[in-house]
Amino acid sequence: MASKVGSDGKEAINEQVIANMYANMRTEMNQLYTKITELEMEVSEHSLVIGAIEPLDPSRRCDRMIGGVLVERTIKEVLPAVKRNKEGLEEVIARMHEALERKKKEITEFELKYKIRIRKADNDAGEESGKKEGTAQGVLVGPAGQ
């Protein structure tokens, strides 16, 4: 009997290690999603800037933030740099999408290997909110003393 308890304890540790590995993989995937979203917002901001300054006179002066320092340049100098930055961000996003797909595939293989099933929290939350709505009385109380 003592040997069974020892083996059960060891299995529980292994399950915990697997659960931790899985949680770490999911965290990495969520971090990739977050970073991709952040970079896509920057690309959007670059597009807005390009759209705003492109029709203007190239000799017109404009300000640009470089490494936390605001510098004065002309649109002729700034526009190509902003376009290059936007293209660079788009390339990084494309590589991050590839990394995200690899991570998704890795997680799927991990789930199949260790037979991991995820419980749907949406159904539970939906049922609970339905119960809350059903039990709510909706009684309004007027000011005290009336």
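Everything numeric here is computed off the predicted structure, so don't read it as measured data.

Here we look at the UniProt feature "coiled-coil region" (unreviewed entry) in the protein chain
UniProt's feature table lists "coiled-coil region" (unreviewed entry) at residues 86-113, given in the numbering used throughout. Span residues 86-113 is 100% helix and 0% strand, its end C-alpha atoms 40 Å apart.

Re the nonpolar core
If you look at the biggest cluster of nonpolar residues, it comprises 13 residues, and the most contacted ones within it are Ile36, Leu39, Ile93, Met96, Leu100 and Ile107. It is helix α1 (residues 2-53) that provides the largest number of residues to this core, a total of seven residues. Each residue touching Leu39, except ones within four places of it in the same chain, is listed here: Leu89, Val92, Ile93 and Met96. Counting seven residues, the second largest nonpolar core, distinct from the first, contains Cys62, Ile75, Val78 and Leu79.

What about helix α2 (residues 75-114)?
Every α-helix winds through 3.6 residues per turn, so residues three or four apart in the chain are directed the same way. Look at α2: 57 Å from first C-alpha to last across 40 residues, which is about the 58 Å you get at 1.5 Å a residue. Lys115 sits one or two residues past α2 and shows a positive phi near 50°.

What to know about unusual backbone geometry
Residues other than glycine seldom take positive phi values, yet Lys115 does so here, at roughly 50°. Looking at where Lys115 falls in the secondary structure, it is placed in the loop between α2 and α3 (121-135).

Regarding the pairing of strand β1 (residues 61-66)
In this structure, β1 lies alongside strand β2 (residues 69-74), joined through six bridges in antiparallel fashion. Along β2, the bridge assignment pairs Ile66 with Val69. The hairpin formed by β1 and β2 contains two residues between the paired strands, and Gly67 there has a positive phi angle of roughly 60°.

Considerations on the pattern of salt bridges
One pass over the full model with this rule turns up six salt bridges. Of the charged contacts in the structure, one is a salt bridge between Glu28 and Lys103, with a shortest N-O distance of 2.5 Å. Note that Glu28 is positioned in helix α1 and Lys103 in helix α2, a separation of 75 residues in sequence. The class of Lys103 is buried, set by a relative accessible area of 11%. Across the pair Lys83 and Glu54 runs a salt bridge, and its minimum N-O distance is 2.9 Å. Here Lys83, found in helix α2, pairs with Glu54, found in the loop between α1 and β1; they are 29 residues apart in sequence, far enough to count as distant. Salt bridges linked by common partners bring Glu28, Lys103 and Glu106 together as one network.

Calculation notes
Residues numbered from 1 in each chain as written. Predicted model: local features only at pLDDT ≥ 70, side-chain atom pairs only at ≥ 80, totals over all residues. Heavy atoms only, no water. UniProt positions renumbered as here; feature names shortened; annotations may be inferred. Helix = DSSP H or I, 4+ residues; strand = E, 2+ residues; numbered from the N terminus. Core = buried A, V, L, I, M, F, W, Y, C linked by side-chain atoms within 4.5 Å. Buried < 20%, exposed > 50% of the residue type's maximum accessible area, 1.4 Å probe, protein only. Contact = heavy atoms within 4.5 Å. Expected span 1.5 Å × (residues − 1). Pairing = 2+ DSSP bridges. Salt bridge = Lys/Arg side-chain N within 4 Å of Asp/Glu carboxyl O.

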